[in-house]
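Spelled out from the first residue to the last, the chains are:
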Amino acid sequence: MTKQSRTRTILGSVAALALCAGAAQAELVFTPGEGDFNWESLDSFGAEHDLSGQTLSIFGPWRGDDQALVETVLAYFEEATGATVSYASSETYEQQIVIDTEAGSPPNIAILPQPGLIADLVKKGFVEPLGDETAEWLRENYAAGDSWVSLGSYEGPDGEEALYAFPYKIDVKSLVFYVPENFEDAGYEVPETLEDLKALTEQIAKEGETPWCIGLGSGGATGWPATDWVEDMMLRVQPPEVYDQWVSNEIPFDDPKVIEAIEEFGWFAKNNDFVAGGTGAVATTDFRESPNGLFASPPQCYLHHQASFIPTFFPEGTQMGVDADFFYMPAYEGKDLGQPVLGAGTLAFITKDSDASRAFIEFLQTPIAHEIWMAQSGFLTPFKETDPEIYGTPTLKKMGEILLDATTFRFDASDLMPGAVGAGSFWTGMVDYVGGKSAEDVAGAIQNSWDAAK
């Protein structure tokens, strides 16, 4: 999208350094009052918050291009309030925030993509609760609002659970990619239920073609793409409460409910007729190369399950919406579990309280704090009061609509599990599973690793 005329001089610079820091004061990329943005929300917010002379320090995960994008949003907070904002990041931001909080020198606001790390900081008393009013706001204004309150709620030092973190900037994983021209040539239609998706898979195979490309290869992280599959399947065969019990190990990894989800993945991945190269190729095919079969002539496959980032690895020049497209990984119609969405994202929380800190959390509750980034790139939101037409590309708009249509959202389970499991035995166990081991044996081994990590 072409940026509109600028109204301020850039006062800071953006550089991808080991430690990125600087004032967020930057030109306003969209002129207030122009376009379809909700400028009224900015005006109302500014009228209620005069922070002239105050400073706000923010530490987050975004560097390089992403830092430039978040700073375009922070510029409007400065414009509305008169506060001076500084944003910083680090290549080792997970370790740095722990060092800073334990040393008693935290930023006002921290933003992280790891709920488990946030939970640890909360438990140690380094994070301020956001209050019941903010929790109620999320329930009312985010699609699948209860899911977002749950994601940002943790047990505090007093043993009581409360909302401590505000979800902002979300990623979607429940996607299936395909080539529209291939579907049109073969007469296939986008499935609307998981029953339909399985029927399409069987139809493609029956016609002598290969339905899926699946690749689990990722160097030392080989196996992780299968965890997304299993997580998506868990949300489609069990209610979200079971997903939560699985993540916390309230039910063991080898519980029959978990076995069922693993075997749902196996229905697709462990059938030689369903996967390009046969089941034996699944674990050895690099996840970055596995979509290539969609674009071969003739097609080596017709379907590919992956998160929203995968178009980065499509052939150069691929135009989303034309040369490739995607649809929501559908739910079972017969299980009545709504439209669950698997994903990830970042959460903002207060590590040094101040008027400016509280105001920033309120700023994230304005449409403009979302729409400025929506209109550019790489940003999705479940905020129902934003205008979907603002999204910078049709692809982002379509992904955003999936979030808005969700009845349940759950964060990537492997990212919430102990590292030895979520980034260890779960990965290797899925490789063993597609290699021929039973779901029961693999799940038992993963549970053993979890027990050893306790």
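Criteria and cut-off values
- Residues numbered from 1 in each chain as written.
- Predicted model: local features only at pLDDT ≥ 70, side-chain atom pairs only at ≥ 80, totals over all residues.
- Heavy atoms only, no water.
- Salt bridge = Lys/Arg side-chain N within 4 Å of Asp/Glu carboxyl O.
- Helix = DSSP H or I, 4+ residues; strand = E, 2+ residues; numbered from the N terminus.
- Buried < 20%, exposed > 50% of the residue type's maximum accessible area, 1.4 Å probe, protein only.
- Pairing = 2+ DSSP bridges.
- Patch = residues over 30% accessible without salt bridge, like charges linked within 9 Å, V, L, I, M, F, W, Y side chains within 5 Å.
- Areas by Shrake-Rupley, 256 points an atom, 1.4 Å probe, with all protein chains shown as cover.
- Lys, Arg positive; Asp, Glu negative; His and termini not counted.
- Charge placed at Lys NZ, Arg CZ, Asp CG, Glu CD.
- Core = buried A, V, L, I, M, F, W, Y, C linked by side-chain atoms within 4.5 Å.
- Contact = heavy atoms within 4.5 Å.

Things to note about the pattern of salt bridges
Item 1. One pass over the full model with this rule turns up 15 salt bridges.
Item 2. Lysine 173 is paired through a salt bridge with aspartate 228; the nearest N and O atoms lie 3.4 Å apart. A residue pair is termed long-range when its members are at least 10 positions apart, and lysine 173 in the loop between strand 7 (166–172) and strand 8 (175–178) and aspartate 228 in helix 9 (residues 224–237) qualify at 55 residues.
Item 3. Residue classification places lysine 173 among the buried residues on the basis of a relative accessible area of 13%.
Item 4. A salt bridge links lysine 397 to glutamate 389; the nearest nitrogen and oxygen atoms lie 2.8 Å apart.
Item 5. Owing to a relative accessible area of 23%, lysine 397 belongs among the partly exposed residues under this scheme.

Quick look at the sheet that holds strand 8
Two pairing modes exist for strands in a sheet, parallel and antiparallel, and in both the strands are linked by backbone hydrogen bonds.
Item 1. The strand order across the open sheet formed by 3 strands is 9-8-10, and the pairing between neighbours is antiparallel. The open sheet has two free edges, formed respectively by strand 9 (304–305) and strand 10 (325–328), since each of these has just one partner strand.
Item 2. Of the strand pairs in this sheet, strand 8 and strand 9 are connected by 2 bridges, and their pairing is antiparallel. Residue pairing for strand 9: valine 176 is matched across the bridge by histidine 305.

Side note on the pairing of strand 11 (residues 340–350)
Item 1. Strand 11 sits mainly inside the fold: 11 of its 11 residues count as buried.
Item 2. Bridge count for strand 4 (residues 109–112) against strand 11 is 4 bridges, and the pairing is antiparallel. Bridging across to strand 11, alanine 110 finds its partner in phenylalanine 349.
Item 3. Inspection of the sheet shows strand 7 paired to strand 11 by 6 bridges, in the antiparallel sense. Looking at strand 11, one finds that isoleucine 170 is bridged to glycine 345.
Item 4. Where strand 11 meets strand 12 (residues 408–411), 4 bridges bridge the pair, whose relative direction is parallel. Directly across from glycine 343, in strand 12, lies its bridge partner phenylalanine 411.

Digging into a negative patch on the surface
Item 1. Together, Glu189, Glu192, Glu195, Asp196 and Glu333 give the surface a local cluster of negative charge.
Item 2. Secondary-structure assignment places glutamate 192 in the loop between helix 7 (180–186) and helix 8 (194–206).

As for the nonpolar core
Grouped burial of nonpolar side chains is what soluble globular proteins tend to show.
Item 1. Among the nonpolar cores identified, the biggest contains 98 residues, and Ile58, Tyr76, Phe77, Ile109, Phe360, Phe363 and Ile372 are the most heavily contacted of them.
Item 2. When residues of this core are assigned to their parent elements, the largest contribution, 8 residues, is made by helix 2 (residues 64–81).
Item 3. Sequence-distant contacts of isoleucine 58, defined by excluding residues within four places in its chain, comprise Leu74, Val85, Ser86, Tyr87, Ala88, Pro107, Ile109, Ile111 and Phe360.
Item 4. Core analysis: the second largest hydrophobic core is formed by 53 residues, Tyr188, Leu216, Ala413 and Met417 among them.

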